[in-house]
Amino acid sequence: MDLRLGDIPLRQTVELTHIDLPAEEMEPLLERGVLPGCRICPVRSSPSGDPIVSVDGSLLALRRETAACLCVRLLTALQDAS
Amino acid sequence: MGDLHHEGDPAASGTAVLSEPRDAPLVALIGPPNSGKTTLFNRLTGLRQKVANYPGVTVEKHVGRVQLGGERTVDLVDLPGVHGFSARTLDEKITRDVLEGRMPGLHPPDALVLIVDSTRLEAQLMLVEPVLELEVPTLLVLNMWDELTERGGAVDESALAERLGVEIVKTNARLGTGIEAVQAFLARAAVRAPSQTERTLTNVPGGVALPMMDAFAERRRRVRAVVEAAGFVPPRPSGFSERLDHLALHRIWGPLVFLAVVVLVFQSIFTWAVPLMDGVDALISGSGEWIATTLPESWFRSLLVDGVWAGVGSVVIFLPQILILFLFLGILEDSGYMARAAVIADRMMYRVGLQGRAFLPLLSGYACAVPAILAARTVDDERDRLATIFVTPFMTCSARLPVYALLIAAFIPDEPLLGPIMGQRAAVLLGLYGLGIVAAIGTAFLLKRTLLKAQAGSFLMELPPYRIPSLRSLGLRLLDRSKIFLRRAGRIIFAVTVVLWASTQFPRVDGGPPLIDDSLLGRTGQLIEPAIEPLGFDWRIGIGLVTSLAAREVIIGTLGTIYGVEDASDDSLDLMAALQRDLSTGAAIGLLIFFVFALQCMSTVAVMRRETAGWKWPILQFTYMLALAYAGAFIAVRIF
Ligand SMILES: Nc1nc2c(ncn2[C@@H]2O[C@H](COP(=O)(O)OP(=O)(O)OP(=O)(O)O)[C@@H](O)[C@H]2O)c(=O)[nH]1
Ligand SMILES: [Mg+2]
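Every value quoted in this text rests on a predicted model; they were computed, and no experiment measured them. Along each chain, residues carry numbers from 1 onward, in the same order as the chain's sequence is written. Just so you know, chain letters begin at A and ligand numbers begin at 1, following the order they were written in. Restriction of local features to residues with pLDDT of at least 70 applies here, the model being predicted, together with a cutoff of 80 or more for giving and counting side-chain atom pairs; totals for whole chains, interfaces and linings are based on all residues. Working from all heavy atoms in the structure, the side-chain values ignore hydrogens and water.

J.: So what exactly am I meant to see when it comes to the overall build of chain B here?
T.: Across its full length, chain B holds 28 helices and 7 strands. Relative to its length of 640 residues, chain B is compact, with a C-alpha radius of gyration of 27 Å against a globular reference of 26 Å. On the principal axes, the C-alpha backbone points of chain B span a range of 90 × 60 × 45 Å. Counting the 640 residues in chain B, one finds 59% classified as buried. Sequence separation of at least 24 residues holds for 73% of the intrachain contacts in chain B that already meet a minimum separation of 6. As displayed, chain B offers around 26,100 Å² of accessible surface, 63% of which is attributable to carbon and sulfur atoms. Charged residues are defined here as Lys and Arg on the positive side and Asp and Glu on the negative side; His and the ends of the chain fall outside this count. The atom standing in for a charge is NZ when the residue is Lys, CZ when it is Arg, CG when it is Asp and CD when it is Glu. Each charge sign in chain B was given a centre, from 58 positive and 63 negative side chains, and these centres are 6 Å apart. What counts as a helix is a DSSP run of H or I of at least four residues, what counts as a strand is a run of E of at least two, and both are numbered from the N terminus. Each radius of gyration is computed over the set of C-alpha atoms, and the globule rule expresses the reference value as 2.2 Å times the number of residues to the power 0.38. Only protein chains enter the accessibility calculation, which uses a 1.4 Å probe; a residue whose area is less than 20% of its type maximum is buried, one above 50% is exposed, and one in between is partly exposed. Only heavy atoms matter for contacts: two residues are in contact if any of them lie within 4.5 Å across the pair. Exposure was quantified through the Shrake-Rupley algorithm and a 1.4 Å probe, taking into account, for residues, occlusion by the shown protein chains and nothing else.

Encoded structure:
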């Protein structure tokens, strides 16, 4: 149920549902388009194992600690079509 | 201070005190980071502010005048990029203050140009709402139109303009396509009455009524509706960038590529520079000899040949090495690799206790500490920012390079170390850069656990697509760099060498100059000597250490002049031979280490004072670095 971005395998697009971070750490994410409802896809991991995600056509490098605070849900085929 | 200005010094270029009454309207360039604001600014004004392919390049407001044909002019202000108006960092505060009309010395803008990267239209248009709420005439520029269409993206800009209720222009700021439409907008800008200019920006839409996350999501839905109605087709991801990232961010290849780039830079500083340096050397010593034979024997000839030519010339020889360094830095910055390097280094920064964001300012410290200290404004936590600027001077700035190159060439044999890949000289140079990094890491580690205790902040880095650096922009970088270098040599070093030369001429003995040991300069040097004797330095180096407080490379000019006067009888200027005679290898290594650590740069001290609003940090930093330098040299001369 409580799926985090850090658990998602590479190249699987998911939808962000909630950000579990204090306001001052959340705001920079929100401003860069990482907000509830957005589609987000881990595209590769950095040499140190931190995720690099694609969101809205931007590539964003995060720390895995941050990725562990981003709640996501899988896109079912049905939702994809709508 | 006039002569000590480095590039990027706001006192030199950032402030504009506009006259009252105003003759030209003020137009502000705003937009998200890396959207091409400065590229457009440079196009419109003909200025050359720094452009590079990573977010957070501009950290200061820069004003320039645009001539629009006839008598019409507009003042354009380029601003740091922002994603919103929360103003968490100092550079974002500058942008907000200018827009709100609170920036001292600057009128509230009469019109705005909002410039966005059209390949990421949806995310970038999040700025539109708060900007339009300001109710100032606004032009929306869809920049990077070339990249959008090349990768199969599209948008109906007239539909977008209609939906948003703003005028739109498509541009390629790099080539200047679409620039006329921007100029046409500027030509229509008019000075506004003061009563219309007070305003406050709200970052969080809907104020306090909604939780922040929902408020942003709401705004986002509105933007999406507009963008969809305008038929926005997002471009395909850049395959070129993906392939390069596959290498640059690979678990094994990534760090290896990083290392290879570094080794290549250092090796080429020695190998490629040699023929160029020989050329410059021949030019300088040739012209010096020509003057020496053409002018009659006089004090003036001595001043010119033994003082100025020997002093300034010995520094100018190092121009090729500086240019090679900047060529590589330019390629790295313009290509987009810098942002990847920051990602690779982030974990280490995290362990040290610094923000990953701080890596980019630190890297720019390899050119010069002054703009690097300013660039630390992009670091949001105040303690992290202080820690970043405190360790910045340990990054080997380009002013140290001539000193390193001279001493290495004089004392380290030109022999291979790793076969053909790397020679001993390049290895020592690399070691000196490495020592600076170790000092920076150790210092940051200590600071973050004592004076500036705080949790390491988060890390968020946008990775721009790779772009092929244009020859024009690289060429201009090198040209500007040569000008800065030669200007410093022509002003500071010239002035110092003249003063030094004069103090070698007195007190007169039988109407002629004294032996250098008995001259004013020699006596002063001998006063300093006891302090540096434990390091194996003689009084000549002592004088050099004092004059190098103005700027590091001045030590070379100083030694050039001292030995120029001392060895005036033998015509050839050979600073290296003179150093080999007067300095032991241990002391030479000690001197190198001294230069790695010591904060011999008044411009850095001055900019530290301004950026920390007080003397506490610069004094602490200066003392700390001097102590390290002294201890380092003291140990080195005993080991080697
Ligand atoms: N292909 C393409 N590249 C562009 C265009 N405009 C700018 N660039 C490149 O985009 C990068 C960023 O440009 P800058 O002008 O430094 O961006 P900025 O908005 O001033 O960035 P910050 O100062 O960091 O906020 C540089 O590498 C430019 O060469 C364009 O229209 N097309
Ligand atoms: Mg800029």
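J.: Help me understand the sheet that holds strand β5 (residues 138-143) of chain B, please; the structure alone is not making it clear to me.
T.: Consider a sheet: its strands pair through backbone hydrogen bonds, and that pairing is either parallel or antiparallel. Residue and element names in this part refer to chain B. At least two DSSP bridges between two strands are required for those strands to pair. The strand order across the open sheet built from 6 strands is β2-β3-β1-β4-β5-β6, with neighbouring strands paired in mixed fashion. Two strands lie at the open edges of the sheet, namely β2 (62-67) and β6 (167-170), each paired on one side alone. Across this sheet, the average inter-strand angle for adjacent strands is 25 degrees, counted without regard to direction. In this analysis an axis means a line fitted to C-alpha atoms, helices contributing only their contacting stretch, and an angle means the value between N-to-C directions, from 0 to 180 degrees.

J.: What am I meant to see in the interface of chain A and chain B here?
T.: How big an interface is tends to be stated in terms of the accessible area lost upon association of its parts. Contacts between chain A and chain B engage 33 residues on the former and 40 residues on the latter. Once two parts are put together, the accessible area they lose, assessed with a 1.4 Å probe and summed over both, is termed the buried area. Summed over both sides, the interface between chain A and chain B buries roughly 3,200 Å², with carbon and sulfur atoms accounting for 56% of that surface. When the buried surface of chain A facing chain B is broken down by residue, E31, P47 and R63 of chain A rank first, second and third, together holding 25% of it. Any Lys or Arg side-chain nitrogen located within 4 Å of an Asp or Glu carboxyl oxygen qualifies as a salt bridge. Where chain A packs against chain B, one counts 7 salt bridges. Among the salt bridges present, the one from E462 of chain B reaches R32 of chain A, with a minimum N-O distance of 3.6 Å. Definition of a polar contact: a pair of N or O atoms within 3.5 Å, with one able to donate and the other able to accept a hydrogen when the atoms are protein atoms, and with sequence-neighbouring residues admitted only if both atoms are side-chain atoms. The tally of links between chain A and chain B comes to 11 residue pairs in polar contact (both at pLDDT 80 or more). Where the side of chain A that touches chain B is concerned, the elements lending two or more residues are β2 (14-19), α1 (23-31), β3 (39-45), β5 (58-61) and α2 (64-67) of chain A. The element contributing the most residues to the side of chain A that touches chain B is α1 of chain A, with 9 residues. Split by residue class, the side of chain A that touches chain B holds 14 nonpolar, 8 polar and 11 charged. Under the grouping applied here, Gly and all other residues not named as nonpolar or charged are polar, the nonpolar ones being Ala, Val, Leu, Ile, Met, Phe, Trp, Tyr, Cys and Pro and the charged ones Asp, Glu, Lys and Arg.

J.: I keep staring at the pairing of strand β4 (residues 51-55) of chain A and nothing clicks. Help me out?
T.: It is a general feature of regular strands that their side chains alternate between the two faces of the sheet. Residues and elements named next belong to chain A. In terms of residue burial, β4 counts as a mostly covered element, since 4 of its 5 residues are buried. Two strands pair when backbone bridges link them, and β3 and β4 are joined in this way by 4 bridges, in the antiparallel orientation. When the sheet's bridge partners are listed, C41 is paired in β4 with S54. Hairpin remark: β3 followed by β4, antiparallel, with 5 residues in the connecting loop; positive phi at G49, about 90 degrees. Pairing of β4 with β5, which is carried by 4 bridges, proceeds in the antiparallel orientation.

J.: Looking at this model, I keep getting lost on empty space enclosed by the protein. Mind explaining?
T.: Empty space among the atoms can be located by rolling a probe the size of a water molecule over them. In the cavity and pocket records, a cavity denotes points on a 1 Å grid over the protein atoms alone where a 1.4 Å probe fits but cannot get out, a pocket denotes an open set with protein on both sides within 12 Å along at least 5 of 7 lines, and lining residues are residues with an atom within 4 Å of a point. Grid points are joined across faces, edges and corners, and a volume is the space filled by probe spheres set on the points. Within the structure shown, the criterion is met by 6 cavities of 30 Å³ or more. Taken as a whole, the second largest cavity holds about 100 Å³ of empty space. What lines the second largest cavity is simply E31, R32 and S58 of chain A together with P32, V82, H83, R120, A123, Q124, L127 and E462 of chain B. The residue makeup of the lining of the second largest cavity, split by class, is 4 nonpolar, 3 polar and 4 charged.

J.: Help me understand the nonpolar core, please; the structure alone is not making it clear to me.
T.: Across soluble globular proteins, nonpolar side chains have a tendency to be buried as a group. In this text, buried Ala, Val, Leu, Ile, Met, Phe, Trp, Tyr and Cys residues form a nonpolar core when linked through side-chain atoms within 4.5 Å. Ranked by internal contacts, the top residues of the largest apolar core, which has 138 residues, are Y404, L429, M461, F537, L545, L579 and L583 of chain B. With residues up to four places along the chain from it excluded, the contact list for F537 of chain B reads E529, I532, L545, L583, A587, G590, L591 and A633 of chain B. Of all hydrophobic cores here, the second largest spans 65 residues; its members include I40 and C69 of chain A together with I30 and M212 of chain B.

J.: When you look at the side chain of T558 of chain B in this model, what are you seeing that I'm missing?
T.: All names here are of chain B. With respect to the secondary-structure elements, T558 resides in helix α24 (residues 554-566). Judged by its relative accessible area of 0%, T558 falls in the buried class. A polar contact is formed between the side chain of T558 and the backbone oxygen of V554, at a distance of 2.8 Å.

J.: Even after reading the chapter, I still don't get the coordination of the magnesium ion (ligand 2), so can you show me in this structure?
T.: Note on metal geometry: ideal angles are 109.5 degrees for four donors arranged tetrahedrally and 90 or 180 degrees for six donors arranged octahedrally. All names here are of chain B. In this analysis a donor is any N, O or S atom within 2.8 Å of a metal ion (3.2 Å for sodium, potassium and calcium), and since water is not included, sites may seem incomplete. Protein ligation of the magnesium ion (ligand 2) involves T38 (OG1) and T58 (OG1), the donor distances falling in the range 2.0 Å. One end of the pair, T38, is in helix α2 (residues 37-45); the other, T58, is in the loop between α2 and β2, with 20 residues separating them in the sequence. For T58, a relative accessible area of 11% translates into the label buried.

J.: Would you mind showing me how to read the pairing of strand β1 (residues 26-30) of chain B here?
T.: All names here are of chain B. Counting buried positions along β1 gives 5 out of 5 residues, so the element sits mostly inside the fold. Judged by which residues are buried, β1 turns out to be covered on both faces: L26, A28 and I30 on one side and V27 and L29 on the other are all buried. Relative to strand β3 (residues 73-78), β1 runs parallel, the two being bridged by 4 bridges. Bridging across to β3, A28 finds its partner in V77.

J.: Explain the sheet that holds β3 of chain A here, please?
T.: Ordered by their spatial adjacency, 7 strands build an open sheet running β1(A)-β6(A)-β2(A)-β3(A)-β4(A)-β5(A)-β7(B), and the pairing between neighbours is antiparallel. Of all the strands in the sheet, the pair left with one neighbour each is β1 (3-4) of chain A together with β7 (461-463) of chain B.

J.: Just to check I follow, could you spell out the packing of helix α19 (residues 400-411) of chain B against helix α25 (residues 575-582) of chain B for this structure?
T.: Angle between the axes and distance between the axes: these two values describe a pair of packed helices. All names here are of chain B. Closest axis-to-axis distance for the α19/α25 pair is 9 Å, and the angle between their directions is 65 degrees. Taken together, the axes of α19 and α25 are roughly perpendicular relative to one another. By crossing handedness, the relation of α19 to α25 is classed as right-handed. Together, L406, L407, A409, A410 and F411 of α19 and L575, M576, L579 and Q580 of α25 make up the contact between the two elements. The residue inventory of the contact of α19 with α25, partitioned by class, reads 8 nonpolar, 1 polar and no charged. Orientation categories follow fixed angle ranges, with anything under 35 degrees roughly parallel, anything over 145 roughly antiparallel, 65 to 115 roughly perpendicular, and all other angles oblique. Helix crossings are classified by the rotation of the near helix relative to the far one: an anticlockwise turn of less than a right angle makes the crossing left-handed, while a clockwise turn makes it right-handed.

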